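# Overview (structure and organization)
Residue-level listing of the chains:
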Amino acid sequence: KQEVTQIPAALSVPEGENLVLNCSFTDSAIYNLQWFRQDPGKGLTSLLLIQSSQREQTSGRLNASLDKSSGRSTLYIAASQPGDSATYLCAVQAAGNKLTFGGGTRVLVKP
Amino acid sequence: EPEVTQTPSHQVTQMGQEVILRCVPISNHLYFYWYRQILGQKVEFLVSFYNNEISEKSEIFDDQFSVERPDGSNFTLKIRSTKLEDSAMYFCASNGQAEETQYFGPGTRLLVL
């Protein structure tokens, strides 16, 4: 059974610092990995999707890497801003179409 | 930009009552999903739906749950007899192809008293 873990569970950084969020999964037979942002009490906003054949995906200040063989992905957010404060979730898609989610990393960027 | 919408945003119901949660997926999408998130816990998969039938369901999705696509736009989740433990945020999602980005709606917060 696929298990997805995110460490740390919470992170607090001063504005301008780079953020590094980690995600690990137990079964490397995945189709893709998605990173989401969730604001308190709100829905999930898709940030990036990395296909299993890709090593990296970039969107603006966001960069996500994937090492499928070791079961790891990292989300980098450059030059963090207070507006980046949210919970970041990773999810993997394996056989079938369902996503299996990690528990999230709650990020606070202090002005 | 197209988005997934869900109604209602909040629903309070008594234990044992039936609830129907509604979703309008992105118009040209073919795959539809329901997930839920109990407060403080992980987002959990409930069911996926394609070509007018369930393609996969989790252990949570027992006989009390059903899904329907009654017309060309709506996708509904029905809970026949709600329990206290059904209290959660319910998310609908959709995508155009099975391995593409899943787009999530804003959720329906269900509280069972």
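Residues numbered from 1 in each chain as written. Chains lettered and ligands numbered in written order. Predicted model: local features only at pLDDT ≥ 70, side-chain atom pairs only at ≥ 80, totals over all residues. Heavy atoms only, no water.

## Some details on the overall build of chain A
The number of helices and strands found in chain A is zero helices and 11 strands. Starting at the N terminus and walking to the C terminus, you meet the elements of chain A as β-β-β-β-β-β-β-β-β-β-β. Radius of gyration (C-alpha) of chain A: 13 Å, near the 13 Å computed for a compact globule of 111 residues. Evaluated residue by residue, chain A yields a buried proportion of 45% over its 111 residues. Long-range contacts, defined here as pairs at least 24 residues apart, represent 54% of the contacts in chain A between residues at least 6 apart. (Helix = DSSP H or I, 4+ residues; strand = E, 2+ residues; numbered from the N terminus. Rg over C-alpha atoms; globule rule 2.2 N^0.38 Å. Buried < 20%, exposed > 50% of the residue type's maximum accessible area, 1.4 Å probe, protein only. Contact = heavy atoms within 4.5 Å.)

## Quick look at unusual backbone geometry
Of the consecutive residues A:Ile7 and A:Pro8, the connecting peptide bond is found in the cis state with omega at 0°. The amide bond that connects B:Thr7 to the next residue, B:Pro8, takes the cis arrangement and shows omega of -10°. You can see B:Pro8 is positioned in the loop between β1 (5-7) and β2 (10-13). The residue B:Asn51 is not glycine, and still its phi comes out positive at about 55°. Along the chain, the position of B:Asn51 falls in the loop between β5 (43-50) and β6 (53-57). Judged by relative accessible area, B:Asn51 falls into the exposed class, the value being 58%. Residue B:Asn52 is not a glycine yet carries a positive backbone phi of 65°. One can find B:Asn52 in the loop between β5 and β6.

## Describing the pattern of salt bridges
Residues and elements named next belong to chain A. A complete count under the given rule lists three salt bridges over all chains for this structure. Of the charged contacts in the structure, one is a salt bridge between Asp84 and Arg61, with a shortest N-O distance of 2.9 Å. With Asp84 in the loop between β8 (72-77) and β9 (86-93) and Arg61 in the loop between β6 (56-59) and β7 (62-67), this residue pair connects regions lying 23 residues apart in the sequence. Classification of Asp84 by relative accessible area gives buried; the value is 7%. A residue is classified by how much of its surface remains accessible, and Arg61, at 29% relative accessible area, is partly exposed. (Salt bridge = Lys/Arg side-chain N within 4 Å of Asp/Glu carboxyl O.)

## What to know about the state of the cysteines
Residues and elements named next belong to chain A. One pass over the structure, following the stated rule, counts two disulfides over all chains. The disulfide that involves Cys23 links it to Cys90, with 2.0 Å between the sulfurs. Taking the sign of the S-S torsion, about 75° here, the bridge from Cys23 to Cys90 comes out right-handed. Of the two residues, Cys23 is situated in strand β3 (residues 19-25) and Cys90 in strand β9; the sequence distance between them amounts to 67 residues. (Disulfide = S-S within 2.5 Å.)

## With respect to the environment of B:Thr13
Residue and element names in this part refer to chain B. Mapped onto the elements of the fold, Thr13 is located in strand β2. For Thr13, a relative accessible area of 9% gives the class buried. On a C-alpha basis, the gap between Thr13 and Lys83 in space is 9.7 Å, while along the polypeptide they are 70 residues apart. In contact with Thr13, other than residues within four places in its own chain, are Val19, Thr82, Leu110, Leu111, Val112 and Leu113.

## Focus on the sheet that holds β8(A)
Residues and elements named next belong to chain A. Spatial ordering of the open sheet is given by β1-β3-β8-β7-β6, a layout of five strands whose pairing is antiparallel. Two strands bound the open sheet, and with one partner strand each, they are β1 (4-7) and β6. The average undirected angle you get between the axes of adjacent strands in this sheet is 15°. Here β7 pairs with β8 via six bridges, running antiparallel. Pairing of Ser65 across the sheet is with Thr74, part of β8. (Pairing = 2+ DSSP bridges. Axes fitted to C-alpha atoms, helices over the stretch in contact; angles between N-to-C directions.)

Bear in mind that shape data such as this cannot, by itself, settle questions of function.
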